[in-house]
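# Results of the structural survey
Take a look at the letters that make up each chain.
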Amino acid sequence: MLALKADFDDRALRQFAQELSEASLLAAARRASSKAARWMHTQISRQVADEARFPKRLIKVTRGKVYDKGWRRKSADSGYAYKVWLGLNPVAADTLGKPRQLRKGYAVGKRRFPDAFMPKRGAYAGKLYQRTTPNRMPIQRVRVEWEEIGRRVFEQQIPRLQVRYRELMLQELRFEVLRAVGVAKPGRSR
């Protein structure tokens, strides 16, 4: 789990923080945290999809989620949190594109699976399988591993997240100052 702490040692952040009420500070922090979590989710989805050669939608929609983990609970040590989740289980090969039959096996996109087959009828129809033993049965779905790529990309994004969170916090504090002065409309965030 990654925990980010908003320090007001930065001169710009400290200047804005002095001019705002505690409620305004909390609202700005909540919005900045939410935006940072969604930004990280998008960045991870893009980079993993590019490196693993997966459709971006597969990672962003089915393999990644952003959870609100504490804005409604008020405890002294838990604080406010968002959770960026990335499911690292292997992906079924037939979900990556349309399987094409080759002389020996199948191909999906640029990936080749020489021992794969696709049953025409029954419960297994339309999905790629491979035999786990030399016998006729048992069989298993053909899957593509991507756990190592996902973990590496997640770790690479952590330093960028800290920089992005600071930018978003400044943006939200400026908005709260403008809202307090009356320039920005209440109830609207950037």
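Nothing here was measured: the structure is a model prediction, and the numbers come from that model.

Procedures and definitions
Residues numbered from 1 in each chain as written. Predicted model: local features only at pLDDT ≥ 70, side-chain atom pairs only at ≥ 80, totals over all residues. Heavy atoms only, no water. Helix = DSSP H or I, 4+ residues; strand = E, 2+ residues; numbered from the N terminus. Buried < 20%, exposed > 50% of the residue type's maximum accessible area, 1.4 Å probe, protein only. Contact = heavy atoms within 4.5 Å. Areas by Shrake-Rupley, 256 points an atom, 1.4 Å probe, with all protein chains shown as cover. Pairing = 2+ DSSP bridges. Polar contact = N/O pair within 3.5 Å; in protein donor to acceptor, adjacent residues only side chain to side chain. Core = buried A, V, L, I, M, F, W, Y, C linked by side-chain atoms within 4.5 Å. Phe/Tyr/Trp six-rings, centres within 6.5 Å; stacked < 30°, edge-to-face > 60°. Salt bridge = Lys/Arg side-chain N within 4 Å of Asp/Glu carboxyl O.

When you go through the chain residue by residue, the secondary structure sums to four helices and nine strands. Secondary structure elements of the chain, listed N to C terminal, follow the sequence α-α-α-β-β-β-β-β-β-β-β-β-α. Classification of the 190 residues of the chain by burial places 38% in the buried group. Look at the contacts in the chain between residues 6 or more apart in sequence, and 55% of them connect residues 24 or more apart. Within the structure as shown, the chain displays about 12700 Å² of accessible surface, and the carbon and sulfur contribution to it stands at 50%.

On to the sheet that holds strand β5 (residues 106-108), then. Ordered by their spatial adjacency, three strands build an open sheet running β4-β5-β6, and the pairing between neighbours is antiparallel. Two strands in the sheet have a free side with no partner beyond their single neighbour: β4 (100-101) and β6 (111-113). Pairing geometry for β5 and β6, over three bridges, is antiparallel. Directly across from Y106, in β6, lies its bridge partner F113.

Take the side chain of T42 next. Inspection of the secondary structure assignment puts T42 in helix α2 (residues 22-52). A distance of 2.7 Å separates polar atoms of two side chains, one belonging to T42 and the other to K60.

Of all hydrophobic cores here, the largest spans 38 residues; its most connected members are F54, I59, L96, F113, L128, W146 and M169. Counting residues per element, the ones that place at least two in this core are α2, α3 (56-63), β5 and α4 (147-181). If near-sequence neighbours (up to four positions away) are discounted, F54 is found in contact with A49, I59, V91, L96, R111, V144 and W146.

Here the distance between the centres and the angle between the planes together describe a pair of aromatic rings. Per the counting criterion, the structure on display carries two aromatic pairs. Ring plane angle 75° and centroid distance 5.9 Å describe the contact between F54 and W146, whose orientation is recorded as edge-to-face. With F54 in the loop between α2 and α3 and W146 in the loop between β9 (143-144) and α4, this residue pair connects regions lying 92 residues apart in the sequence. Pair check on accessibility: F54 and W146 agree, each one buried. With 5.1 Å between their ring centres and 80° between their planes, Y124 and Y129 make a pair best called edge-to-face.

With that out of the way, let us pick up the pattern of salt bridges. Here the structure, examined in full by the defined rule, presents nine salt bridges. In this structure, E172 and K35 form a salt bridge, with 2.5 Å as the shortest nitrogen-oxygen distance. Residue E172 is found in helix α4, and its partner K35 is found in helix α2; the two are separated by 137 residues along the sequence. Residue K35 is classed as buried on the basis of its relative accessible area of 14%. A salt bridge links D50 to K56; the shortest N-O distance between them is 3.0 Å. Residue classification places K56 among the partly exposed positions, given a relative accessible area of 44%.

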